[in-house]
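# Notes for the structure review
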Amino acid sequence: MNKVEIAIEPESKITLLKMGGSSSEDEGDDGHIKGHKYHPLRQVPTDSNTTNSNTKNSIDDQQRQRSQFLYKIWSALFYAVASFLITVVNKLVLTTEKFPSFQILALGQIISTVVILYTAKTFKFVTFPSLGRDTWSKIFPLPILFLGNAVTGLGGTKELSLPMFTALRRFSILLTMVLEFYILGTQPSLSVQFSVYTMIGGAVLAASNDLTFTAIGYSLVMLNNVFTAGNGVYTKKTTRI
């Protein structure tokens, strides 16, 4: 049997099988072979189809990476704006509105958080495991760290000015970096370390000329830094399990 390949289109070609032998005299004047039947066997893909498929996959990967990058940027911006507004609102409530107890304010915020989370779970906006006997062992010491973070944060906000409170809060980044090294075994790059040390130097410089220094305020802020760093690191460790 002899195989004859006939190009049908630029993108593909069909291999035909000639049934029976052939000779030069079987060909007519128009170049066709007389008295023989040809049967298509398969369509052979060419390199152009593969190239188009690879190009499409490459474009999809680029779009996916771009979407992930934009998601991270928007998440960071939303966190920054929310954190700033929370600090400002708490300061207004505790000083301008003269709310007497930051402990009661912290308790109210915690209760509100629990109610909002369970409401969102009921309407299937978020999902999280139900409270069980083994829940405490899985999330410990996160509840204690969260409670300490809320109480000391509101106390420091009440005692110090917002610029000073914000400057001293930079120490939480340094503590987070240290705890991640000892608990998670991760070490930041030199550029990240340099950025953190620069922020710490600015906080120390600001604290050295603080005319509104109060031992209680500074102590509450430094405790808040410890709780914040511990809460962040142990949250990351818990989600890895």
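Above this text you will find the structure in question.
Reference entry: report on the structure contained in this document.

Mapped onto the elements of the fold, Tyr118 is located in helix 2 (residues 102-122). The class of Tyr118 is partly exposed, set by a relative accessible area of 39%. Distance in space between the C-alpha atoms of Tyr118 and Phe128 is 9.3 Å, their sequence separation being 10 residues.

Looking now at unusual backbone geometry. Pro141 follows Phe140 through a cis peptide bond whose omega is 5 degrees. The phi angle at Lys98 is positive, at roughly 55 degrees, despite the residue not being glycine. Topologically, Lys98 is positioned in the loop between helix 1 (47-96) and helix 2. For Lys124, which is not a glycine, the phi torsion comes out positive at approximately 60 degrees. A residue is classified by how much of its surface remains accessible, and Lys124, at 71% relative accessible area, is exposed.

Examined against the element boundaries, Asn231 turns out to sit in helix 8 (residues 215-240). With near-sequence residues (within four places) excluded, Asn231 lies in contact with Leu142, Leu145 and Phe146.

Criteria and cut-off values
- In every chain, residue numbers begin from 1 and rise along the written sequence.
- pLDDT decides what is reported in this predicted model: residues at 70 or higher carry local features, side-chain atom pairs at 80 or more are listed and counted, and totals for whole chains, interfaces and linings draw on all residues regardless.
- Hydrogens and water molecules were not included; the side-chain quantities draw on all heavy atoms of the structure.
- Put simply, DSSP marks the helices as runs of H or I at least four residues long and the strands as runs of E at least two long, and each gets a number from the N terminus on.
- Accessible area is worked out with a 1.4 Å probe on protein chains only. A residue is then buried under 20% of its type maximum, exposed over 50%, and partly exposed in between.
- Every residue pair with non-hydrogen atoms within 4.5 Å of one another is taken to be in contact.

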